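# Results of the structural survey
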Amino acid sequence: MTSTLPAATATEVPAQRTPVPKTGSTPRTAPPRLRRSKADLILCGVLLVAVMTVQGWNIADYPTLSDDEGTYLAQAWSVQQGDGLAHYTYWYDHPPLGWIQIAVLTWIPALLSPESMTVGSMRIVMLLVSAVSAVLVYVLARRLSLPRWAAALALLLFGLSPLSVVLQREIFLDNIAVMWTLLAFCLAASPSRHLWHHFGAGLAAAAAVLTKETMIFVLPAVLVTMWRHSHRDTRKFALTGAVTACVLIGMSYPLFALLKGELFPGAGHVSLWDGLEYQLTRPGSGFILDTGSGSYEVLRSWLYYDRILPLGGLAGALLLLVTWRWSVTARALAGPALTVAVLALVALRPNGYLPAMYVIQALPFLALVLAGGAASVAHGVLRRRRTADESPYVTRGRYAFAALLVAVSAVYVVPRWYDGARTAATTDANAPYRAASKWLATEVDDPRDTRVLVDDALWLDLVHAGYQPGLGVIWFYKADLDPAVTKTMPRGWRDLDYVVASPTVRRDAVDLPNVKQAMKHSTPVATFGEGPDRIEIRRIENGGEESRASRESTAGPTDPAGPTDAADSTDAAGSAGATATEGGDR
């Protein structure tokens, strides 16, 4: 017989369950948004006004105009005129995005007043780049969990260091590249962790590299920051998107060369390969710690302006990297500390080339790690091992010791930085350049038919004064290194009328035969300034009428004025093949 269970007839009683207590980790607290924090906005705004005042005061007159500034601005002018990517042959020495951005920044001022498109006048646009970079330093500091006062300190260190006051005024590609790099870091450390922020970080990193190619060394630090600040569930998508965006945008440069048929060397044209080969094999300036090397002189020039930010920031970066495993601040600042370390290692190459503007790339990260170190010290003094029942005397002692540290630091830093700021605000280092430009504009009878060798700091000044761009006013390197120019000089230096012997021209004429002979066979007709910084306008012997007659016979039945813009010289050089080994960062 099959037995069955009787049906339940009693009232059903629900099971009694004890609620599980809510335990576990609390949700992640996102850092406050800068745009919603009135205190952050006011503090950042006030400090930004102070920094821009110091950097902008006397910006056209100090520091001395440099040949590199003139080159970048002349190339931007060529872009504005529609004459090509450079005022002579573009030979892939740098990606052109940097001076395309300069062309955009200077477009409205140049449109309103074309004669203002000169190095001294256009330095004012660099204030916009410096302002954006300073704000990004503050934002990045806050996103890396630095307290408000430490973020303010980072902004001041970055903006008021005498190195920054001098170098951020100048029209250098490094300043623009740093702005893009800081944007990449800020997006990589975004508190909202949106994937499009990380994708944008990849785009900004690519823009930095295409502005100044040496920023490629900083990309690993951007990835480290992104790794730390991305969510573990979406980290692989974030990194993949950022890397993909960076690579795709970066590949536009070789694609541009490929489409122009200039990716690889060939007869009658320049190539990206040749440009890269030159940059990788250019003569080095020696080991930075070798007292007899050019790199050591560059280091001395940095430390002449400021020892605090370079040495203090480098020491702070090394300390953060060493204490990474057990220091919260070290982990938070891993990206900036790694950036400083990588840039320092690149500078320490045994026989690498070290330009003076290289330190610009490290300035914001030196400021961040130095401010982070200050925050760590402040935490150790004021908070470490502090208990609720701590004696008021001990608490007051902590604050007294912190105040003493601040006072000692201020006594050491403020007088030195004040001297640097005062020099930048009161010194007129460019009076000789302005006087030379005025003399050439007013004392030469026929500028249109006069050929003069100058460094690029004066090139645009003379173009506005009526000299023929490219083949009338000649960037002095091109008289020896660019076939588009040398083929118009069948008699060599004798086909020139004047040479403007600036410090750059005198320094590099040793390796340029035509320039060297022009200097040797010329006499000064006007001198401006004194000592090694003087500028001499030298009239070349056997120039003048003989050189003009020679040019007319060389020109033949074509327009006696010859090519009238940089586009003509670029086309000519493209067919002839250019050799270019300009000085400076170029």
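Rules of the game
- The numbering scheme is per chain: residues are counted from 1 as the chain's sequence reads.
- With pLDDT at 70 or above as the cut-off, local features in this predicted model cover only qualifying residues; side-chain atom pairs require 80 or more to be listed or tallied, and sums for whole chains, interfaces and linings still use all residues.
- Calculation of side-chain values draws on the structure's entire complement of heavy atoms; hydrogens and water are dropped beforehand.
- Every helix listed is a DSSP run of H or I at least four residues long, and every strand listed is a run of E at least two residues long, numbered separately from the N terminus.
- N or O atoms closer than or at 3.5 Å make up a polar contact, with two conditions inside protein: a donor-capable atom paired with an acceptor-capable one, and, for residues adjacent in sequence, both atoms drawn from side chains.
- Whether two residues are in contact is decided by their heavy atoms: any pair within 4.5 Å suffices.
- To sort residues, take the accessible area from a 1.4 Å probe on protein chains only and compare it with the maximum for the residue type: under 20% means buried, over 50% means exposed, and anything in between is partly exposed.
- DSSP bridges decide pairing: two strands pair if at least two such bridges lie between them.
- Simply put, an axis is a line fit to the C-alpha atoms, just over the touching stretch for a helix, and the angle between two N-to-C directions goes from 0 to 180 degrees.
- For this analysis, a ring pair means two rings from Phe, Tyr or Trp (six-membered ring only for Trp) whose centres lie within 6.5 Å, classed as stacked if their planes differ by under 30 degrees, edge-to-face if by over 60, and tilted for the remaining angles.
- Geometrically, a lysine NZ or arginine CZ counts as sitting over a ring once it is within 6 Å of the ring centre and also within 35 degrees of the ring normal.
- Here the nonpolar core consists of buried residues drawn from Ala, Val, Leu, Ile, Met, Phe, Trp, Tyr and Cys, with membership extended through side-chain atoms lying within 4.5 Å.
- Put simply, a salt bridge is a Lys or Arg side-chain nitrogen that is within 4 Å of an Asp or Glu carboxyl oxygen.
- Roughly parallel means an angle under 35 degrees; roughly antiparallel, over 145; roughly perpendicular, 65 to 115; everything else is oblique.
- Should the near helix be turned counterclockwise from the far one by less than a right angle, the crossing is left-handed, whereas a clockwise turn marks it as right-handed.
- Each residue gets one label: Ala, Val, Leu, Ile, Met, Phe, Trp, Tyr, Cys and Pro are nonpolar, Asp, Glu, Lys and Arg are charged, and the others, such as Gly, are polar.
- Summary of the metric used: pLDDT quantifies the predictor's per-residue confidence within the range 0 to 100.
- To estimate how far a helix should reach, multiply one less than its number of residues by 1.5 Å.

### Some thoughts on the side chain of E69
Inspection of the secondary structure puts E69 in helix α2 (residues 67–81). Within polar-contact distance, the side chain of E69 engages the side chain of R123 at 2.8 Å. Not counting residues within four places of it along the chain, the set of residues in contact with E69 comprises T64, V119, R123, R169, E170, I171 and F172.

### As for the pairing of strand β3 (residues 498–501)
Regular strands show a simple pattern: their side chains alternate between the two faces of the sheet. Taking every second residue as pointing to the same face, both faces of β3 are buried, with Y498 and V500 on one and V499 and A501 on the other. In the sheet, strand β1 (residues 452–454) pairs with β3 via two bridges, with the strands oriented parallel. For V452, the partnering residue across the bridge sits in β3 and is Y498. For β3 and strand β5 (residues 535–540), the ladder comprises four bridges, and the chain directions are antiparallel. Following the sheet pairing, V499 is matched in β5 by R538.

### Brief notes about the sheet that holds strand β4 (residues 522–528)
Adjacent strands of a sheet form backbone hydrogen bonds with each other and so pair up, either parallel or antiparallel. What the five strands build is an open sheet, ordered β2-β1-β3-β5-β4; its pairing is mixed. Looking at which strands have only one partner, the edges of the open sheet turn out to be β2 (473–475) and β4. Mean inter-strand twist for the sheet, computed between neighbouring axes without regard to direction, equals 25°. As paired strands, β4 and β5 are joined by six bridges and run antiparallel to one another. Bridge assignment links F528 to a residue of β5, and that residue is I535.

### Quick notes on the packing of aromatic side chains
One pass over the structure, following the stated rule, counts 13 aromatic pairs. Taken together, a centroid distance of 5.9 Å and an interplanar angle of 70° make the contact between Y90 and W99 edge-to-face. Each member of the pair, Y90 together with W99, is buried. Centroid distance W91 to Y278: 5.3 Å. Interplanar angle 65°. Geometry classified as edge-to-face. Of this pair, W91 sits in the loop between α2 and α3 (97–105) while Y278 sits in helix α14 (residues 272–281); the two residues are 187 residues apart in sequence, bridging distant segments of the chain. Owing to a relative accessible area of 8%, W91 belongs among the buried residues under this scheme. Relative accessible area serves as the criterion here: at 13%, Y278 is assigned to the buried category. Among the aromatic residues, ring-to-ring pairing joins Y90, Y92, W99, Y253 and F256 into one connected group. Of note, R235 hangs over the ring of W227, and the distance from its end group to the ring centre comes to 4.6 Å.

### Points about unusual backbone geometry
The omega torsion of the bond from Y62 to P63 falls at 0°, within 30 degrees of zero and hence cis. When you line up the elements, P63 lands in the loop between α1 (38–56) and α2. Backbone geometry places Y92, a non-glycine residue, at a positive phi of 65°. A positive phi angle, close to 60°, is found at R193, a residue other than glycine. Summarising the element assignment, R193 is placed in the loop between α9 (173–188) and α10 (195–211). The partly exposed category is assigned to R193, whose relative accessible area is 22%.

### Observations concerning the nonpolar core
In terms of nonpolar packing, the biggest core is built from 160 residues, with I102, L453, W459 and V515 touching the most fellow members. Look past the residues within four positions of W459 in its chain and what remains in contact with it is A74, W77, H87, Y88, V454, P469, G470, V473, I474 and W475.

### So, the pattern of salt bridges
For the structure on display, the rule yields 14 salt bridges. With a shortest N-O distance of 2.8 Å, R434 and D61 are connected by a salt bridge. Of this pair, R434 sits in helix α21 (residues 431–442) while D61 is found in the loop between α1 and α2, placing the two residues 373 residues apart along the sequence.

### Side note on the packing of helix α6 (residues 126–143) against α9
Contact geometry for α6 and α9: axes closest at 9 Å, N-to-C directions at 25°. It follows that α6 is roughly parallel to α9 by the angle criterion. For the pair α6 and α9, the sense of crossing is left-handed. Taken together, the residues of α9 that come into contact with α6 (itself represented by M126, V129, V132, S133, L136, V137, V139, L140 and R143) are N175, I176, M179, L182, L183, F185, C186 and L187. Classifying every residue of the contact of α6 with α9 by side-chain character gives 14 nonpolar, two polar and one charged.

### As for the environment of T323
Looking at the secondary structure, you find T323 in the loop between α16 (308–322) and α17 (328–332). From its side chain, T323 meets the backbone oxygen of L319 in a polar contact 2.8 Å long.

### Here's the deal with the packing of α10 against helix α12 (residues 235–250)
It is the contact of α10 with α12, at a shortest axis distance of 7 Å, that shows an interaxial angle of 30°. Judged by the angle between their axes, α10 and α12 are roughly parallel. As α10 runs across α12, the sense of the crossing is right-handed. For the pair formed by α10 and α12, the contact residues are L195, H198, F199, G202, L203, A205, A206 and L210 on the first element and F237, A238, G241, A242, A245, C246, I249 and G250 on the second. A per-class count over the contact of α10 with α12 returns twelve nonpolar, four polar and no charged.

### Quick notes on the confidence of the model for the chain
Averaged over every residue, the pLDDT of the chain is 87; residues scoring 70 or more account for 87%. Overall, residues 1–18 carries pLDDT values under 50, and its contacts beyond four positions in sequence, including any with other chains, amount to zero contacts.

### Things to note about helix α19 (residues 363–382)
Three or four residues apart is the spacing at which side chains of an α-helix point the same way, because the helix has 3.6 residues per turn. Here α19 spans 28 Å end to end across 20 residues, near enough to the 28 Å set by a 1.5 Å rise per residue. Of all the residues in α19, the buried ones are L363, P364, F365, L366, A367, L368, V369, A371, G372, A375, V381 and L382.

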